[in-house]
Amino acid sequence: MTPYAELCVTSNFTFLQGASHPEELVRRAAELGLSAVAITDRNSVAGVVRAFSALKELERLRQEAREAAGVSQDNPNIWSRQVTDHSSRQVMQYASPSEGPRIPHDGPLPRLIPGARLVFTDSEVEWLALPRDVTAWSRLTRLLSLGKRRAGKGECHLTRKDLLDWGAGMVLIALPPDPLEAGRNRELLGELRRIRHAFPDQCFLGAAPHYDGRDQIRLDRLAQLSQATGLTMVAVGEVMMHRSARRPLADVLTCLREGCTIDNIGERRLTHGEHRLKSGAEMARMLHRYPAAIRRTLEIADQCAFRLDDLRYQYPDEARDGEPAQARLERLSREGLHWRYPDGAPSKITARVDKELKLIAAMDYAPYFLTVHDIVSFARSRDILCQGRGSAANSVVCYLLGVTEVPPESITLIFERFISKERGEPPDIDVDFEHERREEVIQWIYERYGRHRAGLTATVIHFRSRAAIREVGKVMGLSQDVIARLSGQIWGWSDTAPKEDRMRDAGIDPADTRVMLAAKLIGEIIGFPRHLSQHVGGFVITQGRLDELCPIENAAMEDRTVIEWDKDDIDALGLLKVDVLGLGMLTCIRKAFGMLSDHRSLELTLANVPPEDSHVYDMLCKADAIGVFQVESRAQLNFLPRMLPRKFYDLVCEVAIIRPGPIQGGMVHPFISRRQGKESVEDLGPAMMEVLGRTYGVPLFQEQAMQIAVVAAGFSPAEADRLRRSLATFKRMGTIGAFRDRFISGMLARGYAVDFAERCFAQIEGFGSYGFPESHAASFARLVYISAWLKCHHPAVFTCALLNSQPMGFYAPSQLVRDAREHGVEVRPISVNHSEWDCTLEPRLDGELALRLGFRQIRGMREEDADWIGAARGNGYADVETFGGGRGCIRRCWSDWPRRMPSPPSGCHAVMRSGRLGHCARPNHCRSSAMTGRVDRSRRSPCRR
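Keep in mind it's a predicted model, so treat the numbers as computed, not measured.

Reading the values: the criteria
Residue numbers run consecutively from 1 along every chain, following the written order of its sequence. The predicted origin of the model limits local features to residues at a pLDDT of at least 70 and limits the giving and counting of side-chain atom pairs to 80 or more, whereas totals for whole chains, interfaces and linings rest on all residues. With hydrogens and water set aside, each side-chain value is computed from the structure's full complement of heavy atoms. Think of a salt bridge as a Lys or Arg side-chain nitrogen and an Asp or Glu carboxyl oxygen that are within 4 Å of each other. Helix numbers and strand numbers start at the N terminus; a helix is a DSSP run of H or I with at least 4 residues, a strand a run of E with at least 2. The buried label applies to any residue whose accessible area, calculated with a 1.4 Å probe on protein chains only, is under 20% of its type's maximum; exposed applies above 50%, and partly exposed to all values in between. A 3.5 Å cut-off defines polar contacts: any pair of N or O atoms within that distance qualifies, except that in protein one atom must be a possible hydrogen donor and the other a possible acceptor, and neighbouring residues in sequence count only when both atoms are side-chain atoms. Residues count as neighbours in contact if any of their non-hydrogen atoms are within 4.5 Å of one another. Helix span is expected to be 1.5 Å times the residue number reduced by one. The directions considered for the arc are those from the helix axis to the C-beta atoms. What makes two strands pair is DSSP finding at least two bridges between them. Lines fitted to the C-alpha atoms define the axes, with helices restricted to the stretch that makes contact. Angles between their N-to-C directions range from 0 to 180 degrees. Any Phe, Tyr or Trp ring, taking Trp's six-membered ring, that has another such ring centre within 6.5 Å forms a pair; planes under 30 degrees apart are called stacked, those over 60 apart edge-to-face, and the others tilted. The rule for a charge over a ring is simple: NZ of Lys or CZ of Arg within 6 Å of the ring centre, and within 35 degrees of the ring normal.

*Asks:* Looking at this structure, I do not really get the pattern of salt bridges. What am I missing?
*Replies:* A full pass over the atoms with the stated rule returns 57 salt bridges. Of the charged contacts in the structure, one is a salt bridge between aspartate 220 and arginine 289, with a shortest N-O distance of 3.3 Å. Of this pair, aspartate 220 sits in helix H6 (residues 215-229) while arginine 289 is found in the loop between helix H8 (280-286) and helix H9 (291-303), placing the two residues 69 residues apart along the sequence. With a relative accessible area of 45%, arginine 289 lands in the partly exposed category.

Listed below in structure tokens is the structure:
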């Protein structure tokens, strides 16, 4: 086998160009026995972490195979039993070695060289930049950040001067235009010589075969260029795919990039499938006259000693006024004990706090908790409502810091779900803020830490089934009706191509050659990254420069900057993330609290709403929950009368059970039957009943799955946490199938029956679709109770706050208004003399509050026009002419508006066209309906121009 390192590999994170996932490229490099492989995407390092994670997985499988085979190592090869599905991040299990990639066990796996392919705006020469050490990596990421920050989203504008300023410490391999076609040789020579003069020991000239019958002439020309410039020639493969079978998909990507179809792609299509990874022997055969170019790849690989796990992430210290972070955290926690438990904290809580603080100190996570505390404190200083949820609710320290309002006594605490030494991974605290004011918090974080130290994580937008069908269908020239029929066969968030039987159901012949090829390509492109978007609120914050860890680019939204790595990538590298999320119900609750303070002198917070109110539970038992957080869907409204919640923990179960995971795991029927007494609770023994007793022997939460694994199956805490991580939520289907044998055999060894063990695992497996942790459900249940309390005791306030927080929830404003009327709320119409932009509350003679609809309910109305109407009305508008003429904006016949203004009108036009003039000072001139506020047009006088 000829040793060889491939130094030029483009993955599919060079969007719409690379035709293979980074994971596929790394596995294929291992199969071919390459010494090293460099992932060099175009002005990007977005794909290198995926390759890094794939290499770690191969190392783990290799170690497993060696341990299983023993010292003798009879089996000459290991095979990778697990391969990641790239749209769902699901690890696929191969049933036999022949299905998986064959990887030699006796030689080293390829080394990964992180790098980038630099493309400049003022040069035709492209450069491969391969960092030699951590310092060079920092220069590369700052160079890329420089180009990305001066360009729009998804672009990078670099010049040759930038390379001269930042190129120190990198191996630089020039990729010049084809020497057989290039015309400006003198300019090219000058450019290459300048770069070589600036970096004399770093520069090389890349030589890649084109497979067009002229490669020997081309290589000879490159050798002459090498002598003329002093750049030593090195072999590169110009790899775009891991196997040549991806060539058709590469052409599809070209069509999507160029905006053409496969029928008119012309010379833009790949002429062959040789842009694939090749073995050292193949490359040596192509460059047999230049064997030194092959050997030089190994020399360069040896120079590039940088690995991604060499990155040393340092979180901001968060010390203040000379007080170390850990001491500050302990002080704040002690203060929290006093204000959370004014009558004295229970001994269980104090013991738990001591345990958590010791673990936090051992893991050096105190600065992280303080960052979250400072963010929450800032929000509260601006009267922005916030609530921690998810894993944070498993921590008493988070409760004492005010990050979460869920009392620790109300749920089963599993701090290992949050932080554990065995896991060795950073905690992840999610904090929800009012969705209308979250941007204030985000900009405060940027201002406090600086954009060079804080950035949102990225989200990789992948092709899913519908998008794949639509895009590939257009490229393949399928008609719109065929594309629509194929898309119509896809349900939900599917990650599979249409099957033959589904095609027949849609009236499409699956044997048609073009349809068959399209279906194959659809299956291949599903899961490919389409572009990078910004995460909903995940911040990475550093003590030093963030752009020395990862490139920072502009987001599409103004004043937002994003790093190139997504949540999975930063988890793989152990970077801490703070989630700053938006929640509409918090906006609604804060506005409701404000109105109660103004009109009822009630000073309420998330913590002091009267608990366990029987009237609230009576209302929920009757499924009177329109507008109530999380329980307003039709499924929840149908389930509430069966659940009959009577305490807070019932709401926790209610939030968690109507989810795809528990439903598909078959947990709903046994839970409700046992709760209603129709079915007896199976005695599972004291250990299991301690875990499942509160949920009638049915596992509803991720924490219970962890506890069952430890108590009944003998998992270690680290293994249980891996099980928990496999219970992925939302669209990320988990890897829980890999734990089946370990789980069932562990239960059998502890005396449980086979059918019971399989049933337990089947229930837990349902979480793979979408299962809630108990802590997450408890945080949401708190908001369920508060919103239900507001609806029960202050329906006018609650409806007004809901209307002023739109868009949110399941129901349109008209449905919310109708529900309010059914609860006895007087709803007053929009009035030019009384309404503001927001809906408001007006006192009635009997002391109750009436709801006055605001201008925001008028389609086409703008807030600035509503402000003008309010500022200009003085003592009130006397009639239509006074209302319109004051601004000079209504100088036309009202009856002509629909004909003369086909688009939705704004301002005063919108008010008058809606017919919602309300109560004018001269009611005989402009009457309004008591309920709708619509003008009686039969009594209006003609308007004079």
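And the narrative resumes.
*Asks:* Teacher, can you tell me more about the side chain of threonine 297 here?
*Replies:* Mapped onto the elements, threonine 297 comes out in helix H9. On the accessibility criterion, threonine 297 (0% relative accessible area) is buried. At 3.3 Å, the side chain of threonine 297 forms a polar contact with the backbone nitrogen of alanine 5. Non-local contacts of threonine 297, meaning those with residues more than four positions away in its chain, are made with Tyr4, Ala5, Leu7, Val234 and Ala235.

*Asks:* Sorry if this is basic, but what is going on with helix H30 (residues 754-765) here?
*Replies:* Within an α-helix, residues lying three or four positions from one another point in the same direction, as the helix has 3.6 residues per turn. Taking 1.5 Å per residue as the helical rise, H30 with its 12 residues ought to reach 16 Å, and the 16 Å between its terminal C-alpha atoms agrees with that figure. Residues of H30 that are buried: Phe756, Ala757, Cys760, Phe761, Gln763 and Ile764. Viewed along the axis of H30, the buried residues span an arc of 160°, placing them on a single side of the element.

*Asks:* Mind showing me how you'd approach the pairing of strand E7 (residues 111-118) here?
*Replies:* On any regular strand, side chains alternate: one points to one face of the sheet, the next to the other face. Taking burial as the measure, the eight residues of E7 include seven buried ones, the bulk of the element. Two elements, strand E2 (residues 36-42) and E7, share seven bridges in a ladder whose sense is parallel. Its bridge partner lying in E7, alanine 38 is registered against isoleucine 113. Direction of pairing for E7 relative to strand E8 (residues 126-131): antiparallel, over a ladder of three bridges.

*Asks:* What is the right way to read the environment of serine 138 from this model?
*Replies:* Take serine 138: it is sitting in helix H3 (residues 134-149). According to the relative accessible area criterion, serine 138 is buried, its value standing at 12%. With 407 residues separating them in the primary sequence, serine 138 and arginine 545 have C-alpha atoms 9.2 Å apart. Those residues in contact with serine 138, other than ones at most four positions away along the chain, are Asp547 and Glu548.

*Asks:* Please clarify how the sheet that holds E8 should be interpreted in this entry.
*Replies:* Read across the open sheet, the seven strands follow the order E1-E2-E7-E8-E9-E10-E11; overall the sheet is mixed. The open sheet has two edge strands, strand E1 (5-9) and strand E11 (232-235), and neither has a second partner. Each strand of the sheet is rotated relative to its neighbour by a mean of 30°, with strand direction disregarded. Sheet topology places E8 next to strand E9 (residues 170-175); six bridges connect them, and they run antiparallel. The residue of E9 that forms the bridge with alanine 129 is leucine 172. Of the strands in this sheet, E7, E8 and E9 are in contact with H3, which crosses E7 at around 35°.

*Asks:* Quick question: what am I supposed to make of the packing of aromatic side chains here?
*Replies:* Remark: the centre distance and the inter-plane angle together describe each pair of aromatic rings, the angle taken between the planes. Tallied over the entire structure, the rule returns 16 aromatic pairs. Taking 6.2 Å as the distance between ring centres and 90° as the angle between the ring planes, the aromatic pair formed by tyrosine 368 and phenylalanine 369 counts as edge-to-face. Owing to a relative accessible area of 1%, phenylalanine 369 belongs among the buried residues under this scheme. Between phenylalanine 715 and phenylalanine 743, the ring centres sit 6.2 Å apart and the planes meet at 65°, which makes this aromatic pair edge-to-face. Within this pair, whereas phenylalanine 715 is found in the loop between helix H27 (702-711) and helix H28 (717-726), its partner phenylalanine 743 is found in helix H29 (residues 740-749), the two being separated by 28 residues in sequence. Residue phenylalanine 715 is classed as buried on the basis of its relative accessible area of 4%. Residue classification places phenylalanine 743 among the buried residues on the basis of a relative accessible area of 0%. Each residue in the set Tyr313, Tyr315, Tyr368 and Phe369 is aromatic and connected to the rest through ring pairs, giving one cluster. Over the ring of tyrosine 399 we find arginine 340; its NZ or CZ atom is 4.0 Å from the centre of that ring. Across from the ring centre of tyrosine 446, 4.0 Å away, lies the NZ or CZ of arginine 451, which sits over that ring.

*Asks:* Mind showing me how you'd approach the side chain of serine 835 here?
*Replies:* Structurally, serine 835 is set in the loop between strand E19 (827-828) and strand E20 (840-843). Within the structure, the side chain of serine 835 is placed 2.7 Å from the backbone oxygen of leucine 853, a separation counted as a polar contact. Ignoring anything within four residues of it in the chain, the contact list for serine 835 reads Pro829, Ile830, Arg852, Leu853, Gly854, Phe855 and Arg873.

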